[in-house]
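# An overview of the molecular structure
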Amino acid sequence: AQTVTQSQPEMSVQEAETVTLSCTYDTSENNYYLFWYKQPPSRQMILVIRQEAYKQQNATENRFSVNFQKAAKSFSLKISDSQLGDTAMYFCAFMKLNTGNQFYFGTGTSLTVIP
Amino acid sequence: ETGVTQTPRHLVMGMTNKKSLKCEQHLGHNAMYWYKQSAKKPLELMFVYNFKEQTENNSVPSRFSPECPNSSHLFLHLHTLQPEDSALYLCASSQGTGKNMNTEAFFGQGTRLTVV
């Protein structure tokens, strides 16, 4: 079974600073996808960034980047130049390939950006 | 707006009531999902439908009954629920299954369900 662990229930960061959210996962699979989703108070889950396990290069999306360490099964999210709109719950998710698109989520990290 | 719409946004029901949650996606996706989101717990996958066929039922009690009449619509029928079933119920869709069909899930805004 796949498990996803987010060890930081809550975090805060000053506006314009950088913050890193951690995520580890456990799997015996070799090919899979990893995602970070953002859930603001509006409850809409929005994809922030995705990473294919077969790619060594870390994914980046504007101010968001990941540090993907496949051997360590670690997938952290770095948010640069934090903005007030980044305040939200952040969920790390794992998806196996070829198995009906099952997504496994962590418990989430509540991030607050302080003005 | 993610292209996945859920109704109602809020629902309060008694333990003897019967109600249904509705999900509709306008993305041309072939896979749809129901998730339960409770405080301080991971999102729990409840049901998966691929091409209108149920491919996953994660030991969900029979008081939850899914229905997928077509690839664009997904329902969750509720009856004789318990207070511990109170949660946010999220619907999601994705491109589909199989090799090279691996995209992210797109979520609706959820239905906040309270069972009294």
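Rules and cut-offs
- Residues numbered from 1 in each chain as written.
- Chains lettered and ligands numbered in written order.
- Predicted model: local features only at pLDDT ≥ 70, side-chain atom pairs only at ≥ 80, totals over all residues.
- Heavy atoms only, no water.
- Helix = DSSP H or I, 4+ residues; strand = E, 2+ residues; numbered from the N terminus.
- Rg over C-alpha atoms; globule rule 2.2 N^0.38 Å.
- Buried < 20%, exposed > 50% of the residue type's maximum accessible area, 1.4 Å probe, protein only.
- Contact = heavy atoms within 4.5 Å.
- Areas by Shrake-Rupley, 256 points an atom, 1.4 Å probe, with all protein chains shown as cover.
- Lys, Arg positive; Asp, Glu negative; His and termini not counted.
- Charge placed at Lys NZ, Arg CZ, Asp CG, Glu CD.
- Salt bridge = Lys/Arg side-chain N within 4 Å of Asp/Glu carboxyl O.
- Polar contact = N/O pair within 3.5 Å; in protein donor to acceptor, adjacent residues only side chain to side chain.
- Nonpolar A, V, L, I, M, F, W, Y, C, P; charged D, E, K, R; others polar.

### Re the overall build of chain A
Assigned secondary structure in chain A consists of 0 helices and 12 strands. Of the regular secondary structure in chain A, the N- to C-terminal order runs β-β-β-β-β-β-β-β-β-β-β-β. In terms of overall dimensions, chain A is globule-like: its C-alpha atoms have a radius of gyration of 14 Å, near the 13 Å expected for 115 residues. Residues counted as buried form 52% of the 115 residues belonging to chain A. In chain A, 55% of the contacts between residues at least 6 apart in sequence involve partners at least 24 apart. Carbon and sulfur atoms make up 46% of the accessible area of chain A, which amounts to about 5,300 Å² in all. Charge-centre separation for chain A: the mean point of 9 positive side chains lies 8 Å from the mean point of 9 negative side chains.

### Let's talk about unusual backbone geometry
In this chain, Thr7(B) is followed by Pro8(B) through a cis amide linkage whose omega measures -10 degrees. Along the polypeptide, Pro8(B) turns up in the loop between β1 (4-7) and β2 (10-13). A positive phi angle, close to 55 degrees, is found at Asn62(A), a residue other than glycine. Position of Asn62(A) relative to the elements: it lies in the loop between β7 (60-61) and β8 (64-69). Even without glycine at this site, Lys73(A) takes up a positive phi of about 55 degrees. Topologically, Lys73(A) is positioned in the loop between β8 and β9 (74-79).

### A word on the environment of Glu10(A)
Residue and element names in this part refer to chain A. Looking at the element boundaries, Glu10 is found in strand β2 (residues 10-14). Taking the C-alpha atoms as reference, Glu10 lies 8.8 Å from Met89; in sequence the two are 79 residues apart. The residues touching Glu10, leaving out its near neighbours within four places in the chain, are Thr109 and Ser110.

### Thoughts on the interface of chain A and chain B
Counting residues at the interface gives 21 residues for chain A and 32 residues for chain B. The tally of links from chain A across to chain B stands at 1 salt bridge. With a shortest N-O distance of 2.7 Å, Arg50(A) and Glu104(B) are connected by a salt bridge. The interface formed by chain A and chain B holds 9 residue pairs in polar contact (both at pLDDT 80 or more) in total. Elements with a contribution of two residues or more to the side of chain A that touches chain B: β5 (32-39), β6 (46-52), β10 (88-96) and β11 (103-105) of chain A. Taken together, the residues of the side of chain A that touches chain B break down into 10 nonpolar, 9 polar and 2 charged.

Any functional reading would require information that these geometric values do not contain.
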